[in-house]
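Here's the letter readout for the chains.
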Amino acid sequence: MTRKNCTLGEFIIENQDSFQYSSGELSKLINAIRLAAKVVNHEVNKAGLVDILGAAGETNIQGEDQQKLDVLANEKFIQTLTNREIVCGIASEEEDDFISINSNDQQHQNKYIVLIDPLDGSSNIDVNVSVGTIFSIYRRITPVGTPVTLEDFLQPGKNQVAAGYVVYGTSTMLVYTTGDGVNGFTLNPAIGTFYLSHPNMRFPEDGRIYSVNEGNYVHFHQGVKDYIKYCQEEEGDRPYTSRYIGSLVSDFHRNMIKGGIYMYPKSSVTEEGKLRLLYECNPMAFLAEQANGLAIGGKNRILDIQPKELHQRVPFFCGSKNMVLKLQEFLEKYH
Ligand code: AHG
Ligand code: MN
Ligand code: MN
């Protein structure tokens, strides 16, 4: 159902039956994420004020207000998901290890685990530029009722049941997929409700935007360098436009709407790349594929990678189908 202007709450209920293993549990989980997103949105929106209050209140022993926003976002998401007893395990970019969630009297019967990048684009927090939250949901592999193990978290991205992001931008949006297309909801802050504003989001097949940190150019491998030069060449619809916010969520969101490619390659400095497979690349790759785009880590599809560790980093190229395929041609010349 994609009735424009319905609320996210209505949308979740009306689409519950379309989930493959519908029992209402995933709906409740997405509802919990919706709530956490609103809480974090509230914190992000007053980020500048928190600094002022923090400075003014140095003698105040309430340290919480002075916490960095990414730590705060991490806490809010984990608290919301834990308090609602909706998942059996959480892994976060901000935590060294995964968290196993047990109820007081018995092991949870919950099936789902969540992985989060609570605040993406941290370097933009202090300068009032868009940041985001990324989430990724899997069914556990180990038996329900037992403590989760690392194996539950180290699943290839193609096993994802749902994934999405919140972008705290000029308006706040929650964009997600449960494997049946991508839908975007915009928060009306006056009443605290998300409305379906972008039904069935899709990357245009061709795009004219390339997003990469060109400051690292000299360290990139030759295939990437050649592709960047290709983007800059004067021919046909080129040169393309360069746009890089430095916040994956925001760069991805713009590229999905306008058509473009995002690149975070490995380099002579960072041999694995920078972005984290489990918290950033997999959820964005799932969204990209569901929105008619592509996501690769080099030769391979991101969603096929078998993770080896929780905080694994991989090269990441993602966006409009024809742009990613063209980039792949350049990469393959050097393999
Ligand atoms: P995070 O803030 O969660 O650590 O992620 C930052 C990521 C990503 O959002 C962004 O695109 C990229 O790092 C920017 O890295 P550079 O500053 O190296 O370009
Ligand atoms: Mn991030
Ligand atoms: Mn982060």
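Residues numbered from 1 in each chain as written. Chains lettered and ligands numbered in written order. Predicted model: local features only at pLDDT ≥ 70, side-chain atom pairs only at ≥ 80, totals over all residues. Heavy atoms only, no water.

### Quick look at the sheet that holds strand 1 (residues 89-92)
No. 1: Read from one edge of the open sheet, 8 strands run 2-1-3-4-5-6-7-8, paired in mixed fashion. Each having just a single partner strand, strand 2 (99-100) and strand 8 (193-198) make up the two edges of the open sheet.
No. 2: With 4 bridges joining them, strand 1 and strand 3 (residues 112-120) adopt parallel strand pairing. Residue pairing in the sheet places Ser 92 in a bridge with Ile 116 of strand 3.
No. 3: Where helix 7 (residues 248-258) meets the sheet, its contacts fall on strand 3, strand 4 (131-139), strand 5 (162-168), strand 6 (172-177), strand 7 (182-188) and strand 8, and the angle it forms with strand 5 comes to roughly 100°. (Pairing = 2+ DSSP bridges. Helix = DSSP H or I, 4+ residues; strand = E, 2+ residues; numbered from the N terminus. Contact = heavy atoms within 4.5 Å. Axes fitted to C-alpha atoms, helices over the stretch in contact; angles between N-to-C directions.)

### Quick word on the site of ligand 1
No. 1: Taken together, 17 residues lie around ligand 1, and Asp 120, Ser 122, Tyr 244, Tyr 262 and Tyr 264 are the ones closest in.
No. 2: Here an oxygen atom of ligand 1 sits 3.1 Å away from a polar atom, N or O, in the side chain of Asp 117.
No. 3: Within the complex, 84% of the 470 Å² of free accessible area of ligand 1 lies under protein.
No. 4: Of all the secondary structure elements, the ones that give two or more residues to the shell around ligand 1 are strand 3 and strand 11 (260-264). (Near = heavy atom within 4 Å. Polar contact = N/O pair within 3.5 Å; in protein donor to acceptor, adjacent residues only side chain to side chain. Areas by Shrake-Rupley, 256 points an atom, 1.4 Å probe, with all protein chains shown as cover.)

### Quick notes on the coordination of the manganese ion (ligand 3)
No. 1: Taken together, Glu 93 (OE), Asp 117 (OD) and Leu 119 (O) make up the protein donors of the manganese ion (ligand 3), found 2.2 to 2.3 Å from the metal.
No. 2: In primary sequence terms, the donor set of the manganese ion (ligand 3) follows E-x23-D-x1-L.
No. 3: Between the two metal centres, the manganese ion (ligand 3) and the manganese ion (ligand 2), the spacing is 3.7 Å, with Asp 117 acting as a shared donor. Taken as a pair, Glu 93 in the loop between strand 1 and strand 2 and Asp 117 in strand 3 lie far apart in primary sequence, 24 residues in all. Here Glu 93 matches Asp 117 in class, with each residue buried. (Donors = N, O, S within 2.8 Å, 3.2 Å for Na, K, Ca; no water. Buried < 20%, exposed > 50% of the residue type's maximum accessible area, 1.4 Å probe, protein only.)

### A word on the coordination of the manganese ion (ligand 2)
Each donor-metal-donor angle would ideally measure 109.5 degrees in four-coordinate tetrahedral geometry, or 90 or 180 degrees in six-coordinate octahedral geometry.
No. 1: Taken together, the protein donors to the manganese ion (ligand 2) comprise Asp 117 (OD), Asp 120 (OD) and Glu 280 (OE), at separations of 1.8 to 2.2 Å.
No. 2: Sequence positions of the donors to the manganese ion (ligand 2) reduce to the motif D-x2-D-x159-E.
No. 3: The buried category is assigned to Asp 120, whose relative accessible area is 4%.

### Observations concerning the confidence of the model for the chain
No. 1: Here the chain averages 91 in pLDDT, while 91% of its residues score no lower than 70.
No. 2: Counting interchain partners and residues more than four positions distant, the pLDDT-below-50 stretch residues 57-66 has 4 contacts. (pLDDT = per-residue confidence, 0-100.)

### Thoughts on the pattern of salt bridges
No. 1: Applying the stated rule across the entire model yields 10 salt bridges.
No. 2: The salt bridge involving Arg 276 is made with Glu 93; its shortest N-O contact spans 3.5 Å. Residue Arg 276 is found in the loop between strand 11 and helix 8 (277-290), and its partner Glu 93 is found in the loop between strand 1 and strand 2; the two are separated by 183 residues along the sequence.
No. 3: Of the residues examined, Arg 276 reaches a relative accessible area of 15% and is grouped as buried.
No. 4: The class for Glu 93 is buried, based on a relative accessible area of 16%.
No. 5: One salt bridge connects Asp 304 with Arg 301, and the closest N-O pair in it is separated by 3.0 Å.
No. 6: On the basis of relative accessibility, which here comes to 38%, the residue Asp 304 falls in the partly exposed class. (Salt bridge = Lys/Arg side-chain N within 4 Å of Asp/Glu carboxyl O.)

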